[in-house]
There are 2 protein chains.
Amino acid sequence: MSIRESGVFLDVITSKENPSIKLYTKLSGSKKERKNSRMYVLEGFRLIQDAIKENSAVRQIFFTESAYDKYYSELSQVDLKEVKVLIISNELGIRISCTEKPQGIFAVCDIPEPESLEKSLDAKGKYVVLHQLQDPGNLGMIIRTADAVGVDGVILSESCELYSPKVIRSTMGSVFRVKIFENCDIDNIFRCFDKHGIKSYAAVVDKNADDLRTCDFDGGCAVIIGNEGNGLPSDVSERCTKRITIKMTGHINSLNAAMATGIIMWEMSGK
Amino acid sequence: MSIRESGVFLDVITSKENPSIKLYTKLSGSKKERKNSRMYVLEGFRLIQDAIKENSAVRQIFFTESAYDKYYSELSQVDLKEVKVLIISNELGIRISCTEKPQGIFAVCDIPEPESLEKSLDAKGKYVVLHQLQDPGNLGMIIRTADAVGVDGVILSESCELYSPKVIRSTMGSVFRVKIFENCDIDNIFRCFDKHGIKSYAAVVDKNADDLRTCDFDGGCAVIIGNEGNGLPSDVSERCTKRITIKMTGHINSLNAAMATGIIMWEMSGK
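Since we're looking at a predicted model, the values are computed, not measured. Note on numbering: residues in each chain are counted from 1, in written sequence order. Chain A is the first chain written and ligand 1 is the first ligand written, with later ones labelled in order. For this predicted model, a pLDDT threshold of at least 70 governs which residues receive local features, and a threshold of 80 or more governs which side-chain atom pairs are given and counted, while totals over whole chains, interfaces and linings are taken from all residues. Working from all heavy atoms in the structure, the side-chain values ignore hydrogens and water.

Trainee: Looking at this structure, I do not really get the sheet that holds strand β10 (residues 199-203) of chain B. What am I missing?
Mentor: Sheet strands line up and pair through hydrogen bonds in the backbone, either parallel or antiparallel. The seven strands lie next to each other as β9-β8-β7-β12-β10-β13-β11 (chain B), forming an open sheet whose pairing is parallel. The open sheet is flanked by β9 (180-181) and β11 (210-211) of chain B, the only strands paired with a single partner. Should DSSP find at least two bridges between two strands, the strands are regarded as paired. Each helix is a run of H or I in the DSSP string that is no shorter than four residues. Each strand is a run of E no shorter than two, and both are numbered from the N terminus.

Here it is, written out as structure tokens:
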């Protein structure tokens, strides 16, 4: 079985023992594998198209036979020249998919080299620091919201892994556009903020903290968000310039962490 | 096998063929069953405790043997007098659970009688209408946020089912506190708004619509949110008093529907 691609007939991969497929499934299922190889996976047309458009380092793309007919011509041929294209059977596509309705298009990408926080920070920028955030869906949603409201960078410290398929999927492509600093040390973050004169605001649930609505977010500043269940450790919040809170007028005083971060970014970007 | 409860020894249910367990699993898995019987299920201590605290009509509670020792005494004995308590084996608890780490406590509740929108609306209230919203996680998160920021009611029209386990779980108990109007007809919603003088704001993605940040949300008003992918149908947005939009300053002009609704509710509740 073969399929024609740029004048060349490609064999259709049917076995999950194929080395490329084995790599894909390992990267899809194992954080350790992603960490060691510095590669991760994408699934779905829109996400892969965004990755190519934003010059992410896409190394391999697998199309199922059906997906090849449907999506291949829509991808930019210029940008695809560095990419190895492989065709897999529809059955194999269903097998390696992590979604309920597989589109049959998968990719393997390089994880970008981490940028230096010290060199990359803008003294007038607006940043979000996520410290010990654990839920992949929350992380994805925060990155997507940061992309929409226009935050200058998302800084991760002891948080869940950025390149897990669930986080990547829930960013809806924003992971390729937002500047993200992975695996940052909290001490180093504060050191860099000091160096650049960036003020830090600890987001806390405490009615005595400053009201988010009256916070001016003047000049370079960063909001520090903590863990879903426990919030920020006090030794972190105490190091911040200010402590801010979302004053709630309803029956409960807690919000989902992504929602809270979204509302804070919304206020920050409007000032 | 039996367990002592209020001086009575209760048999431990071990079979999934037990009629009460069969009812639980049917209600857990089938929208049709929930609709026909007007009952739904809860899982987890915190959710069930909230339901009891907020006087929701809890009919039966199942504890696994381990959960009974751990949680029973924490539930209010006064409020439990109308509730049938059953003990099930730990194995059966794992079997009927929908979560990864089951706590071993489950309940069957009556779906409350729908309230009349016409009679219940407050002319000075702040409302959110969800029209054709489809994602259970989004619906749950919106209800939780409405509970925190203090919205007077969430009105559902052609949206996903409120009493599915996923929606209930993601409300984190807010479903028992927020006034929710289920299965409302969009024509009737507009009729009731007119009658009570409640202004309606269509949330749209359109740079020519009014900027959310400058919207005054004066007096009684409602924001109408549409479907995740398609937004509001134009025949609905055109019937609204105003069209409002979240002006985005980042790279994309779309937000997750729950995030967008949360930001709008946040603005509405602050005015």
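Trainee: Looking at this structure, I do not really get helix α3 (residues 45-53) of chain B. What am I missing?
Mentor: Since one α-helical turn is 3.6 residues long, residues separated by three or four positions face the same way. All names here are of chain B. Relative accessibility under 20% of the residue-type maximum defines a buried residue, over 50% an exposed one, and the middle range a partly exposed one, all with a 1.4 Å probe and only protein chains included. Most of α3 is tucked away, with seven of its nine residues classed as buried. The contact criterion used is simple: two residues touch if any of their non-hydrogen atoms lie within 4.5 Å. If you follow the buried residues of α3, they end up packed against β3 (39-43), β4 (58-64), α4 (65-71), β6 (105-110) and α8 (165-170). Positive phi shows up at Asn 55, right after α3, with a value of about 60 degrees.

Trainee: Would you take a moment to explain the packing of aromatic side chains for this structure?
Mentor: To describe a pair of aromatic rings, one takes the distance between the centres and the angle between the planes. Whether two aromatic rings pair depends on their centres lying within 6.5 Å, for rings of Phe, Tyr and Trp, where Trp uses its six-membered ring; planes under 30 degrees apart make the pair stacked, over 60 edge-to-face, and the rest tilted. Within the structure shown, the criterion is met by 16 aromatic pairs over all chains. Ring geometry for Tyr 24 of chain A versus Phe 62 of chain A: centroids 5.7 Å apart, planes at 90 degrees, classification edge-to-face. In this pair, Tyr 24 of chain A is assigned in helix α1 (residues 19-29) and Phe 62 of chain A in strand β4 (residues 58-64), connecting sequence segments 38 residues apart. Each member of the pair, Tyr 24 of chain A as well as Phe 62 of chain A, is classed as buried. An aromatic cluster is built from Tyr 24, Phe 62 and Phe 106 of chain A, whose rings are joined through pairwise contacts. Above the plane of the ring of Trp 266 of chain B lies Arg 213 of chain A, whose end atom (NZ or CZ) is 3.5 Å from the centre. Two limits define a charge over a ring: the Lys NZ or Arg CZ must be within 6 Å of the ring centre, and within 35 degrees of the ring normal.

Trainee: When you look at α1 of chain A in this model, what are you seeing that I'm missing?
Mentor: Residue and element names in this part refer to chain A. Buried within α1 are the following residues: Ser 20, Ile 21, Tyr 24, Leu 27 and Ser 28. Mapping the buried residues of α1 onto a view down its axis gives an arc of 130 degrees, with all of them on the same face. Facing away from the buried side of α1, by more than 90 degrees, are the exposed residues Pro 19 and Gly 29. Counting of polar contacts relies on pairs of N or O atoms within 3.5 Å, with two restrictions inside protein: one atom must be capable of donating a hydrogen and the other of accepting it, and residues adjacent in sequence are counted only when both atoms are side-chain atoms. By the N-cap criterion, in which a side-chain oxygen at the helix start approaches the backbone nitrogen of a residue two or three places on, α1 is capped by Asn 18, the distance to Ser 20 being 2.8 Å. By definition, the arc is the one covered by directions from the helix axis to the C-beta atoms.

Trainee: How should I be thinking about the relation of the copies chain B and chain A in this particular structure?
Mentor: With an RMSD of 0.0 Å, chain B superimposes on chain A once it is rotated by 180 degrees and translated 0.0 Å along the axis. This pairing of chains is accounted for by a two-fold axis. A share of 100% of interface residues in chain B that are also interface residues in chain A marks the association as one of identical surfaces. The least-squares superposition of copies is restricted to C-alpha atoms, and to residues with a pLDDT of at least 70 in both copies.

Trainee: How should I be thinking about the interface of chain B and chain A in this particular structure?
Mentor: The figure often quoted for interface size is the accessible area lost as the parts come together. Contacts between chain B and chain A engage 29 residues on the former and 29 residues on the latter. Summing both partners gives a buried area of about 2,700 Å² for chain B against chain A, and 63% of it is carried by carbon and sulfur. Looking only at chain B, the three residues that lose the most surface to chain A are Arg 213, Met 259 and Trp 266 of chain B, adding up to 27% of its buried area. In the sections that follow, a salt bridge refers to a side-chain nitrogen of Lys or Arg positioned within 4 Å of a carboxyl oxygen of Asp or Glu. The tally of links between chain B and chain A comes to zero salt bridges. Put simply, chain B and chain A have 18 residue pairs in polar contact (both at pLDDT 80 or more) between them. Looking at the side of chain B that touches chain A, the elements with two or more residues in it are α7 (136-149) and α11 (257-270) of chain B. Ranked by residues supplied to the side of chain B that touches chain A, first place goes to α11 of chain B with eight residues. Buried surface area refers to the total accessible area, computed with a probe of radius 1.4 Å, that the two partners give up upon joining, counted for both partners together.

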